[in-house]
Amino acid sequence: MKSPHIKIPGTTIFDGSEARRGYALNKMCYSFNEKANRDEFLKDEDAYCAKYGLNPQQRAAIAAKNVLQLLAAGGNAYYLAKFGGIFGLDMQDIGAQQTGVSKDEFKAKLVAAGK
Amino acid sequence: MAKIVGAVTTSHVPAIGGAIHKGIQHEPYWKPFFDGFPPIREWLAKVKPDVAIVVNNDHGLNFFLDKMPTFAIGAAPEYHNADEGWGIPVLPSFKGDEDLSWHLAESLIGEEFDMVTCQEMVVDHAFTLPLALLYPDMKWPVRVVPININTVLFPTPSAKRCYKLGQAIGRAVEAFDQDVKVLVIGTGGLSHQLEGERAGFINKEFDVKFMDSLTSDPQWATQYTDRELVAHTGTQGIELLNWLTARATMSGTVTKLHSNFHIPISNTAAATMLLGHNV
């Protein structure tokens, strides 16, 4: 089905179609609200991903800790943030990774937006 | 009878919680943001609201995609926060106002706003941080009623619908038969985008226009669809729906008593406003 909505560059709108594709991945990331689950994931990543039924694309994106790949696999930013939290990544780390610049460059860009 | 004394709107970036926890509010990075609050605290000390209606958006703590309400209202005797995935500190719990919650639910559903009622609800940074900014000793002097607006899954409710919801909340409060002073808090925003190649997007010009519109032309933002708001303010900038809803609760004369705007805090154009309401 063709979307009647506007296209926004560099942006995926998390709608029903994304939610359908990403459900298993997002459900796993939602579970990371609880420390026991984060610990279980760190102990055996493969087993934890299998428990949530991640598809190969989602599994690979988790292994790569690559945010753009995780988004492409149907991940939602709010749940992915909990995955990032496991590795102590803050929003500037994640922003820098997605935009292909260093963290300092990313932060400078944010400062520039205020000028 | 109950009355709305005013509204406070503020960004709710999780890193603010980190700064409070570490006690670094006076460091140069944080000071321009935290400096926005003393005038609001002085006003609160003078006006002394009894209840706060907190219009906010859950970030995947209380709600998951298995059940995603467009609009929800807390109707719990007590609310507490919880680990959101990065081991944040547990704050003192918040006392709910069940009388007002159920009155709002009756009134709103009666006006065809089909709220999901929640007798249990955990609250995340979108709820806790604004209250911690207003009441830094965290001895909450207000009872609370959370109102949740879905900003996770598109379509979100439209800006127009949120505005109407705010108006209906305002009417419900005015018809509430307890003699209480109600503060409305709208949290989140302003422009920011966390994900995608456009991560780091900020739109100062739009934010300034939006803030101005809350007193000069409050329905200005209702011209935009949810996707258009994302285009203008970023995927998370759409949290301005909480601000708009909070603003719309006030049908009398609304005066800007204070505002603060600083770019950036974390990835966000951080903004705070205090709007006074005279019926």
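Keep in mind it's a predicted model, so treat the numbers as computed, not measured.

Thresholds, definitions, all that
- Residues numbered from 1 in each chain as written.
- Chains lettered and ligands numbered in written order.
- Predicted model: local features only at pLDDT ≥ 70, side-chain atom pairs only at ≥ 80, totals over all residues.
- Heavy atoms only, no water.
- Helix = DSSP H or I, 4+ residues; strand = E, 2+ residues; numbered from the N terminus.
- Buried < 20%, exposed > 50% of the residue type's maximum accessible area, 1.4 Å probe, protein only.
- Contact = heavy atoms within 4.5 Å.
- Areas by Shrake-Rupley, 256 points an atom, 1.4 Å probe, with all protein chains shown as cover.
- Lys, Arg positive; Asp, Glu negative; His and termini not counted.
- Charge placed at Lys NZ, Arg CZ, Asp CG, Glu CD.
- Rg over C-alpha atoms; globule rule 2.2 N^0.38 Å.
- Pairing = 2+ DSSP bridges.
- 1 Å grid on protein atoms, 1.4 Å probe; cavity = no way out; pocket = protein on both sides within 12 Å on 5 of 7 lines; lining within 4 Å.
- Points joined across faces, edges and corners; volume = space filled by probe spheres on them.
- Nonpolar A, V, L, I, M, F, W, Y, C, P; charged D, E, K, R; others polar.
- Expected span 1.5 Å × (residues − 1).
- Arc of directions from axis to C-beta.

Novice: Can you explain the overall build of chain A? Please cite residues and give values.
Specialist: Assigned secondary structure in chain A consists of 8 helices and 0 strands. Helices and strands in chain A line up, N terminus first, as α-α-α-α-α-α-α-α. By its C-alpha atoms, chain A is 45 × 40 × 20 Å across when sized along the principal axes. Burial analysis of chain A (115 residues in total) assigns 43% to the buried set. By sequence separation, contacts in chain A at least 24 residues apart represent 53% of the contacts at least 6 residues apart. For chain A, the accessible surface area stands at approximately 6,000 Å², while carbon and sulfur atoms represent 56% of it. Counting 16 positive and 12 negative side-chain charges, chain A places the averaged centre of each group 5 Å from the other.

Novice: An account of the overall build of chain B is needed here, citing residue identities and associated values.
Specialist: Across its full length, chain B holds 9 helices and 11 strands. Over its C-alpha trace chain B gives a radius of gyration of 17 Å, about what one expects of a compact globule, namely 19 Å for 279 residues. Per-residue burial for chain B yields a buried fraction of 64% across its 279 residues. The long-range share in chain B, meaning contacts at least 24 apart out of those at least 6 apart in sequence, stands at 81%. Summing over all exposed atoms, chain B offers an accessible surface of approximately 10,000 Å²; the carbon and sulfur share of this is 51%. Each charge class in chain B can be summarised by its mean position, and for the 21 positive and 31 negative side chains these summaries are 7 Å apart.

Novice: Quick one: what's the story with the sheet that holds strand 7 (residues 122–123) of chain B, residue by residue and with numbers?
Specialist: Spatial strand order, 5-4-7 (chain B): 3 strands in an open sheet with mixed pairing. Of all strands in the sheet, those with a lone pairing partner are strand 5 (94–95) and strand 7 of chain B, marking the two edges.

Novice: Requested: an account of empty space enclosed by the protein, with residues and values cited.
Specialist: One water molecule sets the probe size; rolling that probe over the atoms shows where empty space is left. Residue and element names in this part refer to chain A. As enumerated under the stated definition, the model contains 5 cavities of 30 Å³ or more in all. Put simply, the largest cavity is a space of about 140 Å³. The set of elements that each furnish at least two residues to the lining of the largest cavity consists of helix 5 (67–72), helix 6 (77–86) and helix 7 (91–99). The biggest single contributor to the lining of the largest cavity is helix 6, with 5 residues. Class assignment of the residues belonging to the lining of the largest cavity gives a composition of 10 nonpolar, 3 polar and 2 charged.

Novice: Account for helix 7 (residues 204–216) of chain B, with residues named and values stated.
Specialist: Residues and elements named next belong to chain B. Here helix 7 is 13 residues long and its end C-alpha atoms lie 18 Å apart, about the 18 Å a rise of 1.5 Å per residue gives. Of all the positions in helix 7, only Phe206, Asp207, Phe210, Met211, Ser213 and Leu214 are classed as buried. Viewed end-on, helix 7 has its buried residues packed into an arc of 155 degrees, placing them on one side of the element. Exposed and oriented more than 90 degrees from the buried face of helix 7 are Glu205 and Ser216. On its buried face, helix 7 sits against helix 8 (226–233), helix 9 (240–248), strand 10 (253–265) and strand 11 (268–278).

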